[in-house]
Amino acid sequence: MNNQEYMLQQVKAVLAIDSPSGFTKNAVDYLVKEYKALGYEPQVTRKGGVLVQLSAGDGSMPGDGILQEAHLDTLGGMVCGVKANGRLRLTALGGMNPNNAEAENVRIYTREGKVYTGVCQLTDASVHVNGDYSKTERSWDTMEVLLDEMVFSEAEVHALGIENGDIVCFDPRTTVTESGYIKSRFLDDKLSVAILLGYARALKESGKTTRRAVWQHITVFEEVGHGGSASVPEGVGEAISVDMGCVGEGLACKEHQVSICAKDSGGPYHYDVVSGLVAAAKAAGVDYAVDVYPHYGSDVEATLRAGADLRHGLIGAGVYASHGYERSHVKGMMATFQLLNAYIETV
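Residues numbered from 1 in each chain as written. Predicted model: local features only at pLDDT ≥ 70, side-chain atom pairs only at ≥ 80, totals over all residues. Heavy atoms only, no water.

Novice: Can you walk me through the overall build of the chain in this structure?
Specialist: Counting its regular elements, the chain contains eight helices and 19 strands. Over its C-alpha atoms the chain spans a radius of gyration of 21 Å, differing by no more than 12% from the 20 Å that the globule rule assigns to 347 residues. Along the longest, intermediate and shortest principal axes, the C-alpha atoms of the chain span 70 × 40 × 40 Å. Sorting the 347 residues of the chain into buried and exposed places 54% on the buried side. Partitioning the intrachain contacts of the chain with sequence separation of at least 6 by distance along the chain shows that 76% fall at a separation of at least 24. For the chain, the accessible area works out to roughly 14800 Å², and carbon and sulfur atoms hold 49% of it. Between the mean site of the 30 positive side-chain charges and the mean site of the 44 negative ones, the chain shows a separation of 3 Å. (Helix = DSSP H or I, 4+ residues; strand = E, 2+ residues; numbered from the N terminus. Rg over C-alpha atoms; globule rule 2.2 N^0.38 Å. Buried < 20%, exposed > 50% of the residue type's maximum accessible area, 1.4 Å probe, protein only. Contact = heavy atoms within 4.5 Å. Areas by Shrake-Rupley, 256 points an atom, 1.4 Å probe, with all protein chains shown as cover. Lys, Arg positive; Asp, Glu negative; His and termini not counted. Charge placed at Lys NZ, Arg CZ, Asp CG, Glu CD.)

Novice: Before we go on, may I ask you to explain the pattern of salt bridges in this structure?
Specialist: Any two side chains of opposite charge can pair if their charged atoms end up close together. This structure, assessed with the given rule, holds 15 salt bridges. Close ionic contact of E238 with R311 constitutes a salt bridge, the shortest N to O distance being 3.0 Å. Here the residue E238 occupies a position in strand β13 (residues 236–242), and R311 occupies one in strand β18 (residues 311–320), the gap between them amounting to 73 residues. On the basis of relative accessible area, E238 is assigned to the buried category, the value being 3%. Residue class for R311 comes out partly exposed when judged on its relative accessible area of 25%. The network of salt bridges with common partners includes D64, R212, E238 and R311. (Salt bridge = Lys/Arg side-chain N within 4 Å of Asp/Glu carboxyl O.)

Novice: Would you mind showing me how to read the side chain of S184 here?
Specialist: Following the sequence through the fold, S184 ends up in strand β11 (residues 181–184). Apart from the residues lying within four places of it in its own chain, the contact partners of S184 are L15, P172, R173, T174, G324, Y325 and E326.

In structure tokens:
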């Protein structure tokens, strides 16, 4: 299996494991097994993320190791009430937008380990009945989950074991087309997790010793803002967040490219890191774009806000329709992988 096939296999595998913020243990367990199968010794942090050292470096750059960050947690929902008619009220986990949640199949996980299915719909969703269907604003006050169970009262729902605080996971609907497009919910940021696994696999198979020490941190609370705020290993001088690259009106990046972010809503990324990423991409012939993201925050900014003294950067495969039904391309995945390799080898 070549590395492109491996990364596609991995992105399908991690997307198939539900893991909204706060409910990531199953996906973390999978990653731990995968890192061990590659020959590494991953650790699970107290917050529940995965931290693994890929290389101790050759000793020429002590105290200037590099940390690659990506996040495993996704958007999702939580039960916050059961209606008198047996339907569920939701509160969002992360930035799950109700406009993008409508008509999506869901899974509800109870604390006793039961899993039920359902569908997220607008309240009174029958167009032939509700004359205000098109005019109704989609919000979590106007949306509800219909369980795929014969329940028509609050008491009947509670009898199933469903309670407030239960996790609601949205179907990712993952598919890879023959033309190379990767379509799924939650490519932000499981595509990057697969890319980091691909980098770890390639480094192990190459037998190379990098100049700098290299770690990877797969975080599990990025979508709620504090994923990268802890667990920076001693000796790290730089962190690169590998997250989705924005694709949209006014931006240069396309789905088949790797995006290098110069600035987002949290401010500019370290000028020397951005310059180094651009130089590495040019030298290696990687298809890239540099962009400014208007509405965005990353793990590495949480790392800095927690007090870490390090340089920071952000890259990612181009992803369209962020926080909705997202789309990227195999070429964007590979360009991101190639830039990681080129940057580590040149800085």
